[in-house]
Amino acid sequence: VVMPTSSQDLAAAFLAAKDQGIDVDTLLFQLAKGDYPTMQRFLSDPAWLGVDNIWPALKALLIHIRQPGIHKYHLEIGKGGGKSTLSAVDQLYSAGELIALEDAHSFFQLDPGKPITCITVATSETQAKLTIFAKIKSLVERIPFFANRQHEVLTDRIVFERSSRFPEGRIMMLCGHSKAESLEGHDVYHAILDEANKHRDSSGKSNAKTLFEMLVSSAKTRFPAHFRVGTISSSLSHQAFQRQRVDEILRVGTPLVWEDPTRCP
């Protein structure tokens, strides 16, 4: 196979691929990220996360939800099952994708004066800072790809800048909580609603559905081919938001054979 070399021939090849039903957006995204690793390599390579103490099932789940075309997911995991670890790794991986693009704002044709945001929404401010965000901060300092980039760690966010002199084009990892008004207005690329079944507004009423739909709307508008919004929670009653989504998926979804991708060569 001879690859086209001129820009015109390359453009024609991509258009032909699109006409044949090939996901050109995903292909372009992978090319633009350069040598940024797959999730499987991100987990296993000592130059990246390189950990052996994440349970194999958790690694497999992270790899599964990172398949192309998955934009929304709902994970029901019991207490002590690794929800915070999974959320932190998934969130950090998304921020790394944006950083690997070098100029994510140009790639997605967005205003560089506004950060592209990866956000974790916890049930409270304390929960936000002490669980997933604490893990994310630790990972940022451990992995050279992130630690060696110009960045600032604040109490509720980590901001990566293109340079210290020209901060336009920032990538932000934000920890938020259930007050929806504090979450609006962001250019959301990736969001996780942590403990989705337990989110409540000031009156004590579940606001998980409102939060989830708001995050999906923001992300889908700006990153239609690449956004990712997930919920992760332990199970409550069948009236809880995520439990209803899971029940619906079980009712109308297509079953998949579970295979552990960490065992593949």
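If you're wondering where the values come from, they're calculated on a predicted model, not measured in any experiment.

Chemist: I'd love a proper account of the environment of Pro112, names of residues and values included.
Modeler: Following the sequence through the fold, Pro112 ends up in the loop between helix H6 (104-108) and strand E2 (116-121). Remark: the alpha-carbon pair of Pro112 and Arg170, spanning 58 residues in sequence, is separated by 7.3 Å.

Chemist: Outline the pattern of salt bridges, listing residues and values.
Modeler: Here the structure, examined in full by the defined rule, presents ten salt bridges. Across the pair Asp90 and Arg66 runs a salt bridge, and its minimum N-O distance is 2.8 Å. With Asp90 in helix H5 (residues 83-100) and Arg66 in the loop between helix H4 (56-65) and strand E1 (72-76), this residue pair connects regions lying 24 residues apart in the sequence. For Asp90, a relative accessible area of 0% puts it in the buried group. With its nearest N and O atoms 3.4 Å apart, the salt bridge here joins Lys114 to Asp187. A residue pair is termed long-range when its members are at least 10 positions apart, and Lys114 in the loop between H6 and E2 and Asp187 in strand E6 (residues 187-194) qualify at 73 residues. What makes Lys114 partly exposed here is its relative accessible area of 30%. By relative accessible area, which is 6% here, Asp187 ends up buried.

Chemist: Pulling in residues and values, what's your account of the sheet that holds strand E4 (residues 157-160)?
Modeler: The pairing of strands in a sheet comes from backbone hydrogen bonds and takes either a parallel or an antiparallel form. Ordered by their spatial adjacency, seven strands build an open sheet running E1-E7-E6-E2-E5-E4-E3, and the pairing between neighbours is mixed. What marks the edges here is a single partner per strand, and that holds for E1 and strand E3 (151-153). For this sheet the average axis-to-axis angle between neighbouring strands, irrespective of direction, equals 10°. Strand direction decides the pairing type here: E1 and strand E7 (residues 228-233), joined by five bridges, are parallel. The residue of E7 that forms the bridge with His74 is Thr231. Against the sheet, helix H10 (residues 208-222) touches E1, E2, E6 and E7, its axis set at about 155° to E6. Across the face of the sheet, helix H11 (residues 241-252) comes into contact with E1 and E7 while running at roughly 105° to E1.

Chemist: Go over the pairing of E7 with me, naming the residues and quoting the values.
Modeler: Judged by how many residues are buried, E7 sits mostly within the fold: six of six residues are covered. In E7, alternate side chains face the same way, and those of Arg228, Gly230 and Ile232 on one face and Val229, Thr231 and Ser233 on the other are all buried. Here five bridges tie E6 to E7, and the two strands are oriented parallel to one another. Bridge pairing links Ala191 to Val229 in E7.

Chemist: Got a sec to walk through the packing of aromatic side chains? Specific residues and values, please.
Modeler: We describe a pair of aromatic rings using the distance from one ring centre to the other and the angle between the two ring planes. According to the stated counting rule, one finds 15 aromatic pairs in the structure shown. Judged by centre distance (6.2 Å) and plane angle (50°), the rings of Phe29 and Phe108 are tilted. In this pair, Phe29 sits in helix H2 (residues 24-32) while Phe108 sits in helix H6, placing the two residues 79 residues apart along the sequence. Relative to Trp48, the ring of Phe42 has its centre 5.8 Å away and its plane inclined at 40°; by these criteria the two rings are tilted. Judged by its relative accessible area of 1%, Phe42 is buried. Taking the relative accessible area as the measure of exposure, Trp48 reaches 11% and is therefore buried. One aromatic cluster in this structure is built from Tyr36, Phe42, Trp48, Tyr93, Phe145, Phe146 and Phe160. Looking at Arg149, its charged tip hangs above the ring of Phe145, at a distance of 4.6 Å from the centre.

Procedures and definitions
Residues numbered from 1 in each chain as written. Predicted model: local features only at pLDDT ≥ 70, side-chain atom pairs only at ≥ 80, totals over all residues. Heavy atoms only, no water. Helix = DSSP H or I, 4+ residues; strand = E, 2+ residues; numbered from the N terminus. Salt bridge = Lys/Arg side-chain N within 4 Å of Asp/Glu carboxyl O. Buried < 20%, exposed > 50% of the residue type's maximum accessible area, 1.4 Å probe, protein only. Pairing = 2+ DSSP bridges. Axes fitted to C-alpha atoms, helices over the stretch in contact; angles between N-to-C directions. Contact = heavy atoms within 4.5 Å. Phe/Tyr/Trp six-rings, centres within 6.5 Å; stacked < 30°, edge-to-face > 60°. Lys NZ or Arg CZ within 6 Å of the ring centre and 35° of its normal.

This is a description of form; function is not addressed.
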